[in-house]
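The primary structure of each chain is shown beneath.
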Amino acid sequence: MSKHDTTAGRSPHRAGAFDIRTFIAMLIGLYGLVLVVTGLVSTSAADLEKAGGVNVNLWTGIGLLVVAALFQGWAMLRPLVVPEDFDGREDDQHGAG
Amino acid sequence: MVLAAGDQLRLDANWVDYLLVALYFMFVLGIGFAAKRSVSSSIDFFLSGRSLPAWVTGLAFISANLGAIEIMGMSATGAEFGMPTMHYFWIGAIPAMLFLGVVMMPFYYGSKVRSVPEFMRRRFGTGAHLVNAVSFALAQVLIAGVNLFLLASVVNALLGWPLWVSLVIAAAVVLSYTALGGLSAAIYNEVLQFFVIVAALLPLTLIGLNKVGGYEGLKEKVTAGPSGGADLSSWPGQALSGFDSPLLSVIGIVLGLGFVLSFGYWTTNFVEVQRAMASESMSAAQRTPIIGAFPKMFIPFIVVIPGMIAAVTVNELATFKENGGTGGSVDYNDALLLLMRDLLPNGMLGLAIAGLLASFMAGMAANISAFNTVFSYDLWEQYVVKDREDSYYLQVGRVVTVAATVLAIGTAFLAAGYANLMTYLQTLFGFFNAPLFATFILGMFWKRMTPTAGWMGLVSGTAAAVTVWLLSGDVLGVIGIEGQGGAFVAAGAAFAVDIVVSVAVSLMTKPREYGELKGLVWSLTPKESFQDEHPSRLSWYQNPNKLAGLALAMVIVLNFIFA
C-alpha cells in the first residue's frame with residue numbers, strides 16, 4: 001500500500017487506498033488452514049461416506065490455500081498506487097486495474 | 001419464500017463451523033473500520049470518491065445482486081425446472097448488463113450525476129424525479145427487510161436460533177460497516193462476499209456431481225425423473241414461461257424476460273448502477289457491468305446445478321417433485337439447504353453457512369447503501385434542506401443508514417407475520433421498474449421528449465402493468481396467463497404503453513431548451529465526453545466494446561451447448 005506524499009493544500013482522497021486483495025487472501029487462507037487441519041484430524045468414516053468417498057475438508061482447504069496464495073501474490077507483484085488527482089484517469093497506474 | 005418447518009433442515013454444526021462463521025464476521029467488520037479511515041467527504045461516503053478499480057466494482061456489481069432471492073430462489077427454480085433456469089442468467093441478465101456498459105453508462109458517468117434518479121431530474125425535471133426517487137427508496141427498504149427476514153429464517157432452520165436473535169445480529173453487523181465506511185465498505189465487503197459465496201457453493205456443486213456420477217450421471221437421473229428429459233434443455237422452456245406453445249415460449253423468454261424485464265432491472269436500478277458510478281474512470285465505469293458479466297454467466301453452474309442435484313438425490317425433495325410439487329414437508333426452496341445437510345461434513349458446513357450469510361448480507365447492504373444515497377441526495381438535499389455544507393450531508397447519510405436499518409428490521413418482522421402482503425408489495429414495486437427503461441432510453445436518444453412526457457410515460461406504463469396483472473390468472477383470471485408468463489406480458493405492456501404515451505405527449509408539449517440537455521441526450525453531447533481522455537492508450541481488455549463482444553460471444557456459445 002504505497003502512497004505518494006499529498007500535494008499541499010488538497011485534502012487527501014483515499015477512498016480506494018486499502019488493498020482488498022490482502023483481506024481476501026487472509027480470510028480465504030485462514031479458511032483453507034482450518035479446513036485442511038479439520039480434514040486431516042477429524043474426518044470420520046461417516047463423513048467420507050456422506051460425500052462419496054472424498055475428503056471434502058482436505059481438498060477444499062487445499063484449494064482455498066492456493067487461491068489465497070494467488071491473491072497475496074497478485075497484491076505483492078502489483079501493489080496499489082493511489083494517484084494524486086481526484087479524477088485519476090490513468091488506468092495503468094493501478095496495480096489492481 | 002417459505003422454508004420447511006421443524007427439524008428437517010437442522011444441521012449438526014460444531015465449534016469448527018462456528019469458528020469459520022465468526023472469522024467471517026470479524027473480517028466484515030474489519031473492512032468497515034479500514035474503509036472508515038478513507039471517508040472524508042460525502043462523495044467518499046456515497047460514491048467511494050469515484051476511485052475504485054473496475055474489477056472491484058465489477059465483482060461488487062454481481063455480488064449486490066447475489067442476495068438471498070438469487071441464491072435460494074434460483075436453486076429452487078433449478079430443482080423445479082432444471083436447465084431452463086439458465087435463462088435468468090444468460091438471457092435475463094448478460095445482454096442487459098452489456099447494454100448498460102456499452103450504451104447507457106456513458107450518460108450516467110459522463111453527466112457526473114450521483115444517482116439514477118438524479119439523472120431523471122436533470123433530464124425531465126421534478127415530476128419524473130419524484131416518482132422514480134420515492135418508489136425506489138420505498139422498494140429498497142422493503143427488499144432489505146425481506147433479505148433480512150430470509151437470513152433470519154435460514155439461520156433459524158439450520159441452527160435453531162430464534163428469529164429475532166439472528167435478525168438483530170445481522171442488522172447490527174450490516175449497520176456497523178455501512179455506517180462506518182459508506183459505499184466503500186459495502187463494495188469491498190461485496191467483493192469479499194463474492195469469494196466466500198463461491199468458496200461455499202463450488203465445492204458443494206463438485207461434491208454433488210461426484211456423488212451422482214458426474215454430469216452424465218446427473219443427466220441419467222434427471223431423465224429417469226418426473227420431467228423426463230425436458231429439464232435438461234434450456235430451450236424452449238415452456239414449463240418455466242408457462243406458455244403451451246414452444247414458439248410463444250421462446251418469444252416470451254427473449255422479449256419478456258430478456259428484453260423488457262431484464263433491461264428495466266439492470267440498466268435503471270440504482271443498486272447496480274451505483275457500483276459502476278463508484279469506479280475511477282469512464283472506461284472503468286463502462287467495464288464494471290461488462291466485467292461482472294463474465295462471473296455472472298458461470299454463477300448458474302454453482303446455483304442451478306446444485307438445485308438439480310438436490311431434486312434427484314435428496315429423498316424428501318425427489319418425492320416432492322414426483323408428486324408434482326405438492327405434499328410432503330419440504331419445498332423446492334429448501335433444495336440448497338437439504339443438499340448441504342446431506343453432503344457436507346463439519347468444517348465445510350461452516351464455510352457453506354458463512355457463504356449463505358454472506359449472500360444475505362451482501363444483498364441487504366446493497367439495498368441500504370443505495371437507499372441512503374437516494375434519500376440524502378435526491379430527497380433530503382433536493383426537497384427538504386438545501387444548500388448546506390458537504391459535511392452536513394455526510395452526517396445525514398450516516399443517520400439515514402441507521403434509520404433504514406431500523407426500518408428494515410421492522411419490515412422483516414412484518415414479513416414474518418404477513419408473508420402474502422410482502423409478496424404483493426414486491427410485485428407492486430416490480431411494476432414501477434417495468435416502464436423505467438422505456439423512459440430512460442427514449443429520453444437519452446430523443447431530444448424532443450418533454451418533461452411532461454417523462455412522468456406521464458412512467459405513470460401510464462406502471463398503470464398498464466398493474467392492469468395486466470389484475471386481469472391475469474394471478475388475480476381475476478380474465479386473460480389466461482399467470483406466473484412468469486404473466487410477468488413477461490405485464491412488463492411488455494408497460495414498455496409499449498410508456499413509449500406510446502411518451503411520444504404522443506412529447507408531440508403535444510413544449511420540449512426543454514436543448515442547451516440544458518448537454519451530457520444527457522446523445523445527439524446534443526460532444527462524443528469526446530463519452531470516453532476517456534486517451535482511449536487509444538487502453539489495451540484490448542480495457543476496451544469496453546471489445547470486452548462486451550467477447551462476453552456476448554461466450555454467452556451465445558453457452559446457450560448452444562445447453563440448448
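Definitions and cut-offs
Residue numbering note: each chain is counted from 1, following its sequence as written. All chains are assigned letters beginning at A, and all ligands numbers beginning at 1, according to the order in which they are written. Two thresholds apply to this predicted model, a pLDDT of at least 70 for residue-level local features and 80 or more for giving and counting side-chain atom pairs, whereas whole-chain, interface and lining totals are computed over all residues. Side-chain metrics in this entry use all non-hydrogen atoms of the structure; hydrogen atoms and water are not considered. Helix and strand labels come from DSSP, where a helix needs a run of H or I of at least four residues and a strand needs a run of E of at least two; each type is numbered from the N terminus. Each residue is assigned to one of three classes by its accessible area relative to the maximum for its type, calculated with a 1.4 Å probe on protein chains only: buried under 20%, partly exposed between the two thresholds, exposed over 50%. Working rule for contacts: check all heavy atoms of both residues, and any pair within 4.5 Å makes them a contact. In this description, accessible areas are obtained by the Shrake-Rupley approach with a 1.4 Å probe, and a residue is regarded as covered only by the protein chains that are shown. A helix is expected to span 1.5 Å for every residue after the first. Any carboxyl oxygen of Asp or Glu that lies within 4 Å of a side-chain nitrogen of Lys or Arg is treated as forming a salt bridge with it. The definition of a nonpolar core used throughout is a set of buried Ala, Val, Leu, Ile, Met, Phe, Trp, Tyr and Cys residues joined through side-chain atoms within 4.5 Å. UniProt positions are given in the numbering used here, feature names are shortened, and annotations may be inferred rather than shown by experiment. By convention, a stacked pair of Phe, Tyr or Trp rings (six-membered ring in the case of Trp) has centres within 6.5 Å and planes under 30 degrees apart, an edge-to-face pair has planes over 60 apart, and any other such pair is tilted. Remark: a charge is flagged as sitting over a ring if the NZ atom of Lys or the CZ atom of Arg is within 6 Å of the ring centre and within 35 degrees of the ring normal. Fitting a line to C-alpha atoms yields each axis, with helices limited to the stretch in contact; the angle taken between N-to-C directions then spans 0 to 180 degrees. Any angle between 65 and 115 degrees counts as roughly perpendicular, while under 35 counts as roughly parallel, over 145 as roughly antiparallel, and the rest as oblique. For any pair of crossing helices, the crossing counts as left-handed if the nearer helix is rotated counterclockwise from the farther one by less than a right angle, and right-handed if it is rotated clockwise. Each residue is assigned to one class: nonpolar for Ala, Val, Leu, Ile, Met, Phe, Trp, Tyr, Cys and Pro, charged for Asp, Glu, Lys and Arg, and polar for all the others, Gly among them. Confidence of the predictor at the level of single residues is captured by pLDDT, which takes values from 0 to 100.

### Observations concerning the overall build of chain A
Consideration 1: In terms of helices and strands, chain A carries three helices and zero strands.
Consideration 2: When its helices and strands are written in sequence order, chain A yields α-α-α.
Consideration 3: Counting only residues that meet the buried cut, chain A has 41% of its 97 residues in that class.
Consideration 4: The long-range share in chain A, meaning contacts at least 24 apart out of those at least 6 apart in sequence, stands at 65%.
Consideration 5: Carbon together with sulfur atoms contributes 64% to the accessible area of chain A, which is approximately 5200 Å² in total.

### Description of helix H3 (residues 54-65) of chain B
All names here are of chain B.
Consideration 1: Spanning twelve residues, H3 covers 17 Å between terminal C-alpha atoms, matching the ideal 16 Å at 1.5 Å per step.
Consideration 2: Counting buried positions along H3 yields twelve of twelve residues, so the element is predominantly enclosed.
Consideration 3: Among the residues of H3, Ala54, Trp55, Val56, Thr57, Gly58, Leu59, Ala60, Phe61, Ile62, Ser63, Ala64 and Asn65 are the ones counted as buried.

### Details of the pattern of salt bridges
Side chains carrying opposite charge are able to pair once their charged atoms draw close together.
Residues and elements named next belong to chain B.
Consideration 1: As enumerated under the stated definition, the model contains eleven salt bridges over all chains in all.
Consideration 2: Between Glu381 and Arg114 there is a salt bridge whose closest N-O contact spans 3.5 Å. You can see Glu381 sitting in helix H17 (residues 348-384) and its partner Arg114 sitting in the loop between helix H6 (94-110) and helix H7 (116-124), a full 267 residues away along the chain.
Consideration 3: One continuous salt-bridge network, built from bridges that share partners, spans Arg114, Glu118, Arg121 and Glu381.

### Things to note about the nonpolar core
Consideration 1: Core analysis: the largest hydrophobic core is formed by 209 residues, its most contacted members being Tyr31 of chain A together with Tyr108, Leu317, Met340 and Leu356 of chain B.
Consideration 2: In this view, Tyr31 of chain A contacts Leu64 of chain A together with Leu20, Leu23, Tyr24, Val196, Leu351 and Ala354 of chain B; residues no more than four positions away in its chain are not counted.
Consideration 3: Ranked by size, the runner-up nonpolar core spans five residues in total, among them Val39, Phe45, Phe46 and Tyr377 of chain B.

### As for the UniProt feature "transmembrane region" (unreviewed entry) in chain A
Consideration 1: As recorded in UniProt, the feature "transmembrane region" (unreviewed entry) lies at residues 20-46 and 58-77 of chain A.
Consideration 2: The distance separating the terminal C-alpha atoms of residues 58-77 of chain A is 28 Å; by composition the span is 100% helix and 0% strand.

### Concerning the environment of Phe431 of chain B
All names here are of chain B.
Consideration 1: Structurally, Phe431 is set in helix H19 (residues 419-445).
Consideration 2: Between the C-alpha atoms of Phe431 and Lys321, which are 110 residues apart in sequence, the distance is 31 Å.
Consideration 3: With sequence-adjacent residues up to four places away left out, Phe431 is seen in contact with Thr462, Ala465, Val466 and Trp469.

### A look at the packing of aromatic side chains
How two aromatic rings sit relative to each other is given by the distance of their centres and the angle of their planes.
Consideration 1: Evaluated as defined, the whole model comprises 32 aromatic pairs over all chains.
Consideration 2: An angle of 70 degrees between the planes, with centres 5.0 Å apart, marks the rings of Phe320 of chain B and Tyr332 of chain B as edge-to-face. Remark: Tyr332 of chain B occurs in the loop between helix H15 (315-322) and helix H16 (335-343) and Phe320 of chain B occurs in helix H15; sequence separation between them is twelve residues. Across the pair, exposure class does not vary: Phe320 of chain B and Tyr332 of chain B are buried alike.
Consideration 3: Grouping aromatic residues by their ring pairs yields a cluster made of Phe71 and Trp74 of chain A together with Trp55, Phe194 and Phe195 of chain B.
Consideration 4: In this structure, Arg21 of chain A packs its charged tip against the face of Trp74 of chain A, placed 4.9 Å from the ring centre.
Consideration 5: Arg388 of chain B extends its terminal NZ or CZ atom over the ring of Tyr392 of chain B, reaching a point 4.2 Å from the ring centre.

### Here's the deal with the packing of helix H9 (residues 163-212) of chain B against helix H18 (residues 390-417) of chain B
Residues and elements named next belong to chain B.
Consideration 1: Contact pair H9 / H18: the axes reach a minimum separation of 10 Å and the direction vectors enclose 160 degrees. Here H9 is positioned roughly antiparallel relative to H18, judged by the angle of their axes. As H9 runs across H18, the sense of the crossing is right-handed. Between H9, through Leu163, Trp164, Leu167, Ala171, Leu175, Thr178, Ala179 and Leu180, and H18, the contact on the second element is made entirely by Arg398, Thr401, Val402, Thr405, Ile409, Ala412, Phe413 and Ala416.
Consideration 2: Residue composition of the contact of H9 with H18, by class: twelve nonpolar, three polar and one charged.

### Overview of the confidence of the model for chain B
Consideration 1: In this model, chain B carries an average pLDDT of 85, and 96% of its residues clear a pLDDT of 70 or more.
Consideration 2: This prediction of the complex comes with two scores: 0.87 for pTM and 0.85 for ipTM.

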